[in-house]
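# Chains, contacts and geometry: an overview
What follows is each chain in one-letter form.
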Amino acid sequence: MYDMMKLKTIANQLRIETIESVYKAKSGHIGGCLSAAEIIAVLYFYKMRLDPERPGWEDRDRFVLSKGHSAPILYAALAKRGFFSMEEMSHLRQADSHLQGAPNPKTPGIDMSSGPLGQGLSAAVGMALAARTMKKDFFVYCMLGDGEIEEGQIWEAAMAASKYRLNRLITILDHNEVQMSGTNEEIMPLGDIKDKFDSFGWKTYEINGHSISEIIEILDHVTQESHGEKSEPDKPVMIIANTVKGKGVSFMEGKAEWHGAVPTEEQYDAALAELGKGGTNFNNLRT
């Protein structure tokens, strides 16, 4: 069972932590963090098998944030899960901090360096192949971004995942339809993404990426499916999560300029007010 309100609260607080850390650093990417909040909350506080006391535990589920510029919200989730102290979030992107602009394995809980777009799915394919070779039953989760799937390496990895029938590889596309310089349609139309992954031999689903219940339902479905009887047991999974760039802050929603912008003091205060800053004690929600 899961606590819907708790997960919603966590997603909201992850948004707050993202905005606070980027504002303090005067550098970072907010828009794609806010669009991924519910997905990250469900993965880290409901679904994934993890042990903060043993970040390198061999049987843990793996997560690859292929769109590595969204690192602040992942760091916030890891801190809340207890992999490191929440106070370290105030050192985002500082030279003496392990919380750099993109994920790095120096940070407890990070499974793969990312930042150069297009590489994460290849790494996730390798992890899933390694699990099979080692006879391990962990799942590998990989989050992609819209602009990122314009990279050819993504489709090479997609072919490999299908060839090797990696049914414990679960990829989630944060489909917010906006990239750094404009909308997908303006920069490079993506066409029918579901049809493309279907044609590559994946099992493909579409959900509302801001609906906690839909995220949980599909993740439970695809992970339980890999153990039980089904007609197509050996396919990798793609979940197209329809989201909104900058979700939760009205003046950021759907705006390409908030891909990598830092809010002014006035915008910072307005964003936190919209997210209800001060309504819940974040540290009291630790699991």
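Structural notes, computed from the coordinates. (Residues numbered from 1 in each chain as written. Predicted model: local features only at pLDDT ≥ 70, side-chain atom pairs only at ≥ 80, totals over all residues. Heavy atoms only, no water.)

Between helix α3 (residues 37-47) and helix α4 (residues 71-81), the shortest axis-to-axis distance is 10 Å and the interhelical angle comes to 30°. If you check the angle between α3 and α4, you find them roughly parallel. For the element pair α3 and α4, the recorded crossing hand is right-handed. Residues Ala37, Ile40, Tyr44 and Phe45 of α3 form the contact with α4, whose own contacting residues are Ile73, Leu74, Ala77, Leu78, Lys80 and Arg81. A breakdown of the residues in the contact of α3 with α4 according to their chemical character gives eight nonpolar, no polar and two charged. (Axes fitted to C-alpha atoms, helices over the stretch in contact; angles between N-to-C directions. Helix = DSSP H or I, 4+ residues; strand = E, 2+ residues; numbered from the N terminus. Parallel < 35°, antiparallel > 145°, perpendicular 65-115°, else oblique. Left-handed = near helix turned anticlockwise from the far one by under 90°. Contact = heavy atoms within 4.5 Å. Nonpolar A, V, L, I, M, F, W, Y, C, P; charged D, E, K, R; others polar.)

Moving on: the pairing of strand β1 (residues 62-65). The two faces of β1 match: Arg62 and Val64 on one face and Phe63 and Leu65 on the other face are all buried. Strand direction decides the pairing type here: β1 and strand β2 (residues 140-145), joined by four bridges, are parallel. For Leu65, the partnering residue across the bridge sits in β2 and is Met143. (Buried < 20%, exposed > 50% of the residue type's maximum accessible area, 1.4 Å probe, protein only. Pairing = 2+ DSSP bridges.)

Our next topic: the sheet that holds β2. Read from one edge to the other, the open sheet built from five strands follows the order β1-β2-β3-β7-β6, with strand pairing classed as parallel. The sheet terminates laterally at β1 and β6 (203-208), the two strands that pair on one side only. Taking the axes of each pair of neighbouring strands and ignoring which way they run, one obtains an average angle of 20° across the sheet. Two elements, β6 and strand β7 (residues 237-242), share six bridges in a ladder whose sense is parallel. Residue pairing in the sheet places Lys203 in a bridge with Val237 of β7. Lying over the sheet, helix α5 (residues 120-133) contacts β1, β2 and β3 (169-175), oriented at roughly 170° with respect to β2.

Spanning twelve residues, helix α6 (residues 152-163) covers 17 Å between terminal C-alpha atoms, matching the ideal 16 Å at 1.5 Å per step. For α6, the complete set of buried residues consists of Ile154, Trp155, Ala157, Ala158, Ala161 and Ser162. Down the axis of α6, the buried set is contained in an arc of 160°. They therefore lie on one face. With respect to the buried face of α6, the exposed residues turned more than 90 degrees away are Glu156 and Lys163. Residues of α6 that are buried in the fold lie against α5, β2, β3 and α8 (193-199). After α6 finishes, the residue Arg165 shows a positive phi value of roughly 55°. (Expected span 1.5 Å × (residues − 1). Arc of directions from axis to C-beta.)

Turning our eyes to something else, we now look at unusual backbone geometry. A negative phi holds for most residues other than glycine; trans holds for most peptide bonds. In this structure, Arg93 takes a positive phi of about 65° despite not being glycine. You can see Arg93 is positioned in the loop between α4 and α5. Positive phi values are uncommon outside glycine, yet Arg165 reaches one of about 55°. Considering the arrangement of structural elements, one finds Arg165 in the loop between α6 and β3.

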